[in-house]
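Each chain, letter by letter, is given below.
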Amino acid sequence: GAIDRGSLRYLAEDAGMVYRVQLEGDARLLALLDDTHRIAAYRAIQASVTNVVRHAQASTCTVRIRASQRGGKLWLFLEVRDDGVGKAAWITPRHGITALRDRITALGGHMTLRDLNPGLRVHILLRQVIGEQRRG
């Protein structure tokens, strides 16, 4: 809800962008996320959307969240894409990407940036053992 109806939507829409959120997979799995993974997922999307607003000159920002379960783990795929002018090669540590990548990596996750035509895609994978009670 915070991603779809909260301050991120207001931030994007106040910047004149169309903001879309797509939830795929089994949404009930999101309730199994521990605090550490839940906060990391939100912060990753927050940083990505903020970068789109500040730097991309985009008209559209789409957030896609997909939750699934495989091999006793919850798999969370996060994607933020825009139709702006950015290129992955232009992203520098001052855009917050280094801190974001470090946070995701510390949780055993993976993050990639990919150029679109037009725009940029941030793709993040987080995994959590189901029933893990780590708190952050």
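1. Some thoughts on the environment of Phe-77
Alright, step 1. Mapped onto the elements, Phe-77 comes out in strand S3 (residues 73-82).
Alright, step 2. Each C-alpha atom, one on Phe-77 and one on Arg-114, is 15 Å from the other, the two residues being 37 residues apart in sequence.
Alright, step 3. Residues contacting Phe-77, with those up to four places away along its chain left out, are Arg-64, Ile-65, Arg-66, Ser-68, Arg-70, His-123, Ile-124 and Leu-125.

2. Here we look at helix H3 (residues 35-56)
Alright, step 1. In this model H3 runs 30 Å from its N-terminal to its C-terminal C-alpha over 22 residues, within 8% of the 32 Å that 1.5 Å per residue would give.
Alright, step 2. Listing the buried residues of H3 in full gives Thr-36, His-37, Ala-40, Ala-41, Ala-44, Ile-45, Ser-48, Val-49, Thr-50, Asn-51, Val-52 and Ala-56.
Alright, step 3. At the exit of H3 stands Gln-57, carrying a positive phi of roughly 55 degrees.

3. Quick word on the nonpolar core
Alright, step 1. Within the largest apolar cluster, 31 residues are counted, with the highest numbers of intra-cluster contacts made by Tyr-19, Ile-45, Val-63, Leu-76, Leu-78, Ile-124 and Leu-126.
Alright, step 2. In terms of residue count, the dominant contributor to this core is H3 (seven residues).

4. Some details on the sheet that holds strand S1 (residues 18-25)
Alright, step 1. Read from one edge of the open sheet, five strands run S1-S2-S3-S5-S4, paired in mixed fashion. Pairing within the sheet leaves two strands with one partner each, and these edge strands are S1 and strand S4 (110-115). Direction aside, the axes of adjacent strands within the sheet are offset by 15 degrees on average.
Alright, step 2. Against the sheet, H3 touches S1, strand S2 (60-70), S3 and strand S5 (120-129), its axis set at about 10 degrees to S3.
Alright, step 3. Across the sheet, helix H4 (residues 97-106) touches S4 and S5, and the angle it forms with S4 is around 140 degrees.

5. Let's talk about H4
Alright, step 1. Regarding H4, the residues found buried are Ile-97, Leu-100 and Ile-104. Projected onto a plane normal to the axis of H4, the buried residues spread over an arc of 65 degrees and lie on a single side. In H4, the exposed positions that point more than 90 degrees away from the buried face belong to Ala-99 and Ala-106.
Alright, step 2. Here the buried face of H4 lies against H3, S4 and S5.
Alright, step 3. Just past H4, the residue Gly-108 takes up positive phi, approximately 80 degrees.

Here is what the cut-offs are and how they apply
Residues numbered from 1 in each chain as written. Predicted model: local features only at pLDDT ≥ 70, side-chain atom pairs only at ≥ 80, totals over all residues. Heavy atoms only, no water. Helix = DSSP H or I, 4+ residues; strand = E, 2+ residues; numbered from the N terminus. Contact = heavy atoms within 4.5 Å. Expected span 1.5 Å × (residues − 1). Buried < 20%, exposed > 50% of the residue type's maximum accessible area, 1.4 Å probe, protein only. Core = buried A, V, L, I, M, F, W, Y, C linked by side-chain atoms within 4.5 Å. Pairing = 2+ DSSP bridges. Axes fitted to C-alpha atoms, helices over the stretch in contact; angles between N-to-C directions. Arc of directions from axis to C-beta.

Remember, this is a structural readout, not a statement about activity or role.
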